[in-house]
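# Fold and geometry: a report
Here is how the chains run, residue by residue.
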Protein chains: 2
Amino acid sequence: MFRKAEDAATAGVLALLLEVSGTPKAGNVDRDHNFPDLRFEHFLASASAVYPVFLKAAKEEGSIGKLVLEAVETSMAWHKAKNVHFGCFMLLIPLIRCWKAGDICNAVIEELKRTSVEDSLSVLKAFRTSEARVMEVEDLSLTAEETEQKLVEQNINLYEWLLHSPKENIVAMELINGYRISFKGRDVLLDFFTEHEDINLAIVYTYHYLLSEHLDPLIIAKHGLKVAEEVRDRAKEVLNEFEMSFNIEILRSFDEELLSRNINPGSIADLTASSIYLALREGLRF
Amino acid sequence: MFRKAEDAATAGVLALLLEVSGTPKAGNVDRDHNFPDLRFEHFLASASAVYPVFLKAAKEEGSIGKLVLEAVETSMAWHKAKNVHFGCFMLLIPLIRCWKAGDICNAVIEELKRTSVEDSLSVLKAFRTSEARVMEVEDLSLTAEETEQKLVEQNINLYEWLLHSPKENIVAMELINGYRISFKGRDVLLDFFTEHEDINLAIVYTYHYLLSEHLDPLIIAKHGLKVAEEVRDRAKEVLNEFEMSFNIEILRSFDEELLSRNINPGSIADLTASSIYLALREGLRF
């Protein structure tokens, strides 16, 4: 547990930095891999810039949806990329806002229930401003033009809107299901770090563990369900092989495999960041 | 110029992150090089943690020496290394405190003159807490046991104490001479980035430019003046060679050369961070 609001905000920023620095992370930006329009340094700028918004969240100033929009707008003033941290902000801001709660899962759900349609509209704007990607859905899609009108007409707050998400949207599921995946990720991270005392390797291991257990919705959106399942199964094989030798080259070649196929498990990276945050909350220091 | 205190603090944190990430940086920690007791991740933790102290500085809450001590103590609560950012904090905190000033050099000097002996004692404590290294000097040395007593007896404030520094202490010289080196570093960085549009390369170039122009006091302290001069002259040669081809392997092999000789130009890295901060203040975005 943190002692003060500043600590919760610091842990949020540090979680973002540790996640993006973790290398190799199959298919994603890390300290050794830039994409043409998304560089490691964009993540540094976004993470640095978002501290005051995280601090507002920790001080319970502003509701979740509005804070997500403020986070996107504040961070985008410091870099020229498009979406850097939309998914991470969606996961971290509720956690930071409820840092004081004993039962953080329940507190996040209560907080989400207290949001209004304004929060839904703010998240929609944040999504569009950052040009984030998501899976297409039939009703109340983030990309559909009429969604804004429907949200207003039916007065749908953020919690109700999240309930409309497809079950494959693991970021939305985390929010309404009490961060089950992130808590498991936290435990995997803490156990690995306790045993091996290498913070980078612990993060990399956690990322691949999550990749081996869950389907990434961004892979489904871009490459279809079959490819997403194949990536999950390959991650399991790779992780088993890695556990026999702890030879990082095994992970590196998996990374190259996914990069060459343009497969980027972005939501798994987001869940890695929330796992790291929860580990820092639990007292992880290195 | 920044529009608000939060922006000055963000720029301070981002300068720290961009500096340590810049790779290759001959002889120093970067995203691809850890030392046994000092890892890249320690710098991420220290930079994340220091935001609230930078924000206090920007809001003119607290005097420079006390803020330096608070920065060291706050950042050390988030990592298990010893000195990570002492030199950077000495350079950045006065700049952040005076972010509103038109003439920042003069404003920093005026602010330093307003400090008291308490600030001197705070800096002494920050130095000792972080176990930073410096050049040995005869009078009022950071490492001498009687320094504390002398500072109190003679009521020496931070400005007066800095005036006692040897001219080789380029961090102290920056503070009392209006950041001449950092302003030049800023211009080198902005020019290079304008031409090449690669933020990592611009930082790496700036670092090696500063290394080719100035003697690093930490090299003098550890290896003597001759080695420091040799490193400066080698940096000049290497930089000339690099400018003909922009082949990063040239810098990589210089990095390996210094690392193998255990030569770590830490003060040049500090000045690179203050150069980046000034470039961000000038509007650098990437």
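Residues numbered from 1 in each chain as written. Chains lettered and ligands numbered in written order. Predicted model: local features only at pLDDT ≥ 70, side-chain atom pairs only at ≥ 80, totals over all residues. Heavy atoms only, no water.

This part covers the packing of helix α12 (residues 199-213) of chain A against helix α14 (residues 225-245) of chain A. For any two helices packed against each other, the geometry is given by the interaxial angle and the distance between the axes. All names here are of chain A. Orientation of α12 relative to α14, taken along the N-to-C sense of each, is 140 degrees, at an axis distance of 7 Å. The orientation of α12 relative to α14 falls into the category oblique. Handedness of the α12/α14 crossing: left-handed. Of α14, the residues touching α12 (which contributes Leu201, Tyr205, His208, Tyr209, Leu211, Ser212 and Glu213) are Val231, Arg232, Ala235, Lys236, Leu239, Phe242 and Glu243. (Axes fitted to C-alpha atoms, helices over the stretch in contact; angles between N-to-C directions. Helix = DSSP H or I, 4+ residues; strand = E, 2+ residues; numbered from the N terminus. Parallel < 35°, antiparallel > 145°, perpendicular 65-115°, else oblique. Left-handed = near helix turned anticlockwise from the far one by under 90°. Contact = heavy atoms within 4.5 Å.)

Quick look at the domain arrangement of chain A now. Residue and element names in this part refer to chain A. According to the domain assignment, chain A contains domain 1 (5-134 + 146-178) and domain 2 (182-282). Here the C-alpha centroids of domain 1 and domain 2 sit 20 Å apart. Counting from both sides, the interface comprises 38 residues of domain 1 and, opposite them, 40 residues of domain 2. Summed over both partners, the interface of domain 1 with domain 2 buries about 3,000 Å², with 69% contributed by carbon and sulfur atoms. When the buried area of domain 1 at its contact with domain 2 is split by residue, Pro24, Ala26 and Arg133 rank highest and sum to 21% of it. (Domains from an automatic or database assignment. Buried area = accessible area lost by both parts, 1.4 Å probe.)

Okay, the interface of chain B and chain A next. The partner chain A presents 31 residues to the 31 residues of chain B that form the contact. Contact between chain B and chain A buries roughly 2,900 Å² in total, counting both sides, with carbon and sulfur atoms accounting for 66%. In terms of surface lost to chain A, no three residues of chain B exceed Arg31, Trp78 and Phe286 of chain B, which account for 26% of the buried area on that side. Among the ionic pairs, Arg39 of chain A bridges to Asp198 of chain B, the shortest N-O distance being 3.5 Å. Across the chain B-chain A interface, the total number found is 8 residue pairs in polar contact (both at pLDDT 80 or more). The set of elements that each furnish at least two residues to the side of chain B that touches chain A consists of α1 (5-21), α2 (40-49), α3 (51-58) and α12 (199-213) of chain B. Counting residues per element, the side of chain B that touches chain A draws most heavily on α1 of chain B, which supplies 9 residues. Taken together, the residues that form the side of chain B that touches chain A break down as 16 nonpolar, 6 polar and 9 charged. (Salt bridge = Lys/Arg side-chain N within 4 Å of Asp/Glu carboxyl O. Polar contact = N/O pair within 3.5 Å; in protein donor to acceptor, adjacent residues only side chain to side chain. Nonpolar A, V, L, I, M, F, W, Y, C, P; charged D, E, K, R; others polar.)

Another aspect to go through is the side chain of Glu174 of chain A. Residue and element names in this part refer to chain A. Structurally, Glu174 can be placed in helix α10 (residues 170-176). Here Glu174 is buried and forms no salt bridge, its nearest opposite-charge partner Arg180 lying at an N-O distance of 7.0 Å. At 3.2 Å, the side chain of Glu174 forms a polar contact with the backbone nitrogen of Arg180. Aside from chain neighbours lying at most four places away, what touches Glu174 is Leu91, Tyr179, Arg180, Ile181, Ser182 and Leu271. (Buried < 20%, exposed > 50% of the residue type's maximum accessible area, 1.4 Å probe, protein only. Lys, Arg positive; Asp, Glu negative; His and termini not counted.)

Residue and element names in this part refer to chain A. When its volume is computed, the second largest pocket comes out at roughly 1,000 Å³. Lining of the second largest pocket is provided by 48 residues; of these, Asn83, Ala132, Arg133, Val134 and Leu218 occupy positions nearest its centre. Counting only elements with at least two residues in the lining of the second largest pocket, the list comes to α1 (5-21), α5 (86-97), α7 (117-130), α9 (158-163), α10, α13 (217-223) and α16 (266-281). Both domain 1 (5-134 + 146-178) and domain 2 (182-282) contribute no fewer than three residues apiece to the lining of the second largest pocket. (1 Å grid on protein atoms, 1.4 Å probe; cavity = no way out; pocket = protein on both sides within 12 Å on 5 of 7 lines; lining within 4 Å. Points joined across faces, edges and corners; volume = space filled by probe spheres on them.)

Most peptide bonds take the trans configuration, and most residues that are not glycine carry a negative phi. Cis rather than trans, the peptide bond between Thr23 of chain A and Pro24 of chain A has omega equal to -5 degrees. Take Pro24 of chain A: it is sitting in the loop between α1 and α2 (40-49). Positive phi is not limited to glycine here, since Tyr179 of chain B has a value of about 55 degrees. Summarising the element assignment, Tyr179 of chain B is placed in the loop between α10 (170-176) and α11 (180-196). Its relative accessible area of 0% is what places Tyr179 of chain B among the buried residues.

Here we come to the pattern of salt bridges. All names here are of chain A. Taken as a whole and judged by the stated rule, the model has 44 salt bridges over all chains. A salt bridge links Glu60 to Lys100; its shortest N-O distance comes to 4.0 Å. Within this pair, whereas Glu60 is found in the loop between α3 (51-58) and α4 (64-76), its partner Lys100 is found in the loop between α5 and α6 (104-113), the two being separated by 40 residues in sequence. In this structure Lys100 comes out as exposed when scored by relative accessible area, which is 52%. With a shortest N-O distance of 2.9 Å, Glu111 and Arg114 are connected by a salt bridge.

Attention shifts here to the side chain of Ser122 of chain A. Along the chain, Ser122 of chain A falls in helix α7. When sequence neighbours within four positions are dropped, the list of residues in contact with Ser122 of chain A reads Gly65, Lys66 and Leu69 of chain A.

With an RMSD of 0.0 Å, the fit of chain B onto chain A corresponds to turning through 180 degrees and sliding 0.0 Å along the axis. The superposition operator between the copies reduces to a two-fold rotation axis. It is Arg31 of chain B whose C-alpha, among those of chain B, lies nearest the rotation axis, at 3.3 Å. (Least-squares fit on C-alpha atoms with pLDDT ≥ 70 in both.)

What follows covers the packing of α1 of chain A against α2 of chain A. Residues and elements named next belong to chain A. Two elements in contact, α1 and α2, have axes separated by 9 Å at closest approach and are oriented at 175 degrees. Comparing the axis directions of α1 and α2 gives the class roughly antiparallel. Residues Val13, Leu16, Leu17, Val20 and Ser21 of α1 form the contact with α2, whose participating residues are Phe40, Phe43, Leu44 and Ala47. The residue inventory of the contact of α1 with α2, partitioned by class, reads 8 nonpolar, 1 polar and no charged.

As a further point, take the packing of aromatic side chains. All names here are of chain B. Taken as a whole, this structure holds 15 aromatic pairs over all chains when the rule is applied. Seen in terms of ring centroids, Phe54 and Phe89 are 6.1 Å apart; in terms of plane orientation they differ by 85 degrees. Their pairing is edge-to-face. One end of the pair, Phe54, is in helix α3; the other, Phe89, is in helix α5 (residues 86-97), with 35 residues separating them in the sequence. Judged on exposure class, the residue Phe54 and its partner Phe89 are both buried. (Phe/Tyr/Trp six-rings, centres within 6.5 Å; stacked < 30°, edge-to-face > 60°.)

So, on to the state of the cysteines. Residues and elements named next belong to chain A. Enumeration over the complete set of coordinates arrives at 0 disulfides over all chains. Looking at Cys98, it has no disulfide partner, and the nearest cysteine sulfur is the one in Cys105, 9.9 Å off. Residue classification places Cys98 among the buried positions, given a relative accessible area of 6%. (Disulfide = S-S within 2.5 Å.)

With that out of the way, let us pick up the environment of Ala81 of chain B. All names here are of chain B. As for its placement among the helices and strands, Ala81 is situated in the loop between α4 (64-76) and α5. Linking Ala81 and Ser46, residues 35 residues apart in sequence, is a C-alpha distance of 9.6 Å. Apart from the residues within four sequence positions on either side, Ala81 is in contact with Asp37, Leu38, His42 and Met76.

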